[in-house]
Amino acid sequence: MPLDGTPHRRFNPLTREWVLVSPHRARRPWLGKVEKSVAPAQLAFDPACYLCPGNPRVEGVRNPDYKSTFVFDNDFPALLPNVPAAAVDEEGLIVARSEAGTSRVVCFTPRHDLTIPRMSVEETRRVIDVWAEQYLELGARPAIHHVQIFENRGALMGASNPHPHCQIWTNAQLPNIPAREMESQREYRERHGSCLLCRYLQLELARDERIVCANDDFVALVPYWAVWPFETMILSRRHVQDLAQLDNRERNQLAELMRRLTIRYDNLFETAFPYSMGFHQRPTDGETHPEYHLHAHYLPPLLRSATVQKFMVGYELLGTPQRDLTPESAASRLRDMGETHYLSAGAK
Ligand SMILES: [Zn+2]
Ligand SMILES: [Zn+2]
Ligand SMILES: [Zn+2]
């Protein structure tokens, strides 16, 4: 690659933003040794956890004694369904609009001590079924035009509880990033008559430089324009718009690939690798959105050990994001990881 050794900018065709890559800085001496964090002993059931089966949540609501997944409306929702329509507009400079929506919590399993990399493929498959059901149910509401499924894993990402769970926030309006990504995919389709992400995936598969792992139906890769050190995307090989369109085999394959990718993440620094992840699916605004290609983003903050994270500060807050480790090196390091979880690798 002509730009391998020199500072350059890379373009994200989904968000139409740039990231500054400074590969020469990655040759700086490695400072300090990699700290391995000791995994905290966790209980299968925590009597103090508000997500564990049978435990009380706020205001006395008690969780059922659930056996697989459990969905409930967030007790402290960021969005509310019945918001009176109102708007502020002072000369286009002081502008606001009321926003209706919902927020739910999905517990992945009754087990307090498991996470996706340590759950079975069957257990994760059940979570995918719940995601697909929730997408259809919430998206069918006339006022809901976007369904955002996301997981914050780890205290570093602000997760308030280690119990494996995700959130689903829905909106009347498209949030910033999904709105930009939809516009980019729509314009690409208008210009080329084909799908932006289908074509991007073809280019990545042909080059085989940033692929981390793959199976028959999904590919996990470090995108060319990745901002976070070990950022990845999971792309479906088939051009589908949402999780509900995935067939039986594809859902199993997605569960399998999510497990393999997150085991690699955990093995990288032998820690419960923190990340925010989430799916981008077509808006639920009643249009068919043939331009839209289902995908997931994994955005992890760790840089070189379980305790050293990347910060978005200074130039990145005021100018543009920057990275030293190239996406190609990140992909190569993740590729080198085994797919047996370090905690189940036996006596070490
Ligand atoms: Zn729990
Ligand atoms: Zn596509
Ligand atoms: Zn996206």
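Refer to the preceding data block for the structure.
Residues numbered from 1 in each chain as written. Chains lettered and ligands numbered in written order. Predicted model: local features only at pLDDT ≥ 70, side-chain atom pairs only at ≥ 80, totals over all residues. Heavy atoms only, no water.

Each helix and strand counted, the protein chain has six helices and 14 strands in total. Since a compact globule built from 348 residues should have a radius of gyration of about 20 Å, the 21 Å found for the protein chain is in line with a globular shape. Considered along the principal axes of its C-alpha atoms, the protein chain spans approximately 60 × 55 × 45 Å. Residue pairs at least 24 apart in sequence account for 68% of intrachain contacts in the protein chain once pairs closer than 6 positions are excluded. If the 40 positive side-chain charges of the protein chain are averaged to one point and the 43 negative ones to another, these points end up 6 Å apart. (Helix = DSSP H or I, 4+ residues; strand = E, 2+ residues; numbered from the N terminus. Rg over C-alpha atoms; globule rule 2.2 N^0.38 Å. Contact = heavy atoms within 4.5 Å. Lys, Arg positive; Asp, Glu negative; His and termini not counted. Charge placed at Lys NZ, Arg CZ, Asp CG, Glu CD.)

Here we take up the coordination of the zinc ion (ligand 1). Within the protein, the zinc ion (ligand 1) binds to C49 (SG), C52 (SG), H112 (ND1) and H163 (ND1); these donor distances fall in the range 2.0 to 2.3 Å. Coordination at the zinc ion (ligand 1) comes from four donor atoms whose angles at the metal span 104 to 116°, giving a geometry best classed as tetrahedral. In the primary structure, the donors to the zinc ion (ligand 1) are separated according to the pattern C-x2-C-x59-H-x50-H. Remark: H163 occurs in the loop between β7 (146-153) and β8 (165-171) and H112 occurs in the loop between β6 (101-107) and α1 (121-139); sequence separation between them is 51 residues. When sorted by exposure, H112 lands in the same class as H163, which is buried. (Donors = N, O, S within 2.8 Å, 3.2 Å for Na, K, Ca; no water. Tetrahedral: all angles 85-135°; square planar, octahedral: opposite > 155°, others 65-115°. Buried < 20%, exposed > 50% of the residue type's maximum accessible area, 1.4 Å probe, protein only.)

What follows deals with the sheet that holds strand β12 (residues 275-280). Taken together, the nine strands give an open sheet; going across it, the order is β3-β6-β8-β7-β12-β13-β11-β10-β9, and neighbouring strands pair in antiparallel fashion. The open sheet has two free edges, formed respectively by β3 (70-73) and β9 (211-214), since each of these has just one partner strand. Across the sheet, the mean angle separating the axes of adjacent strands is 20° when strand polarity is ignored. The pairing of strand β10 (residues 218-221) with strand β11 (residues 232-236) spans four bridges and is classified as antiparallel. (Pairing = 2+ DSSP bridges. Axes fitted to C-alpha atoms, helices over the stretch in contact; angles between N-to-C directions.)

Worth remembering: the numbers are spatial, not functional.
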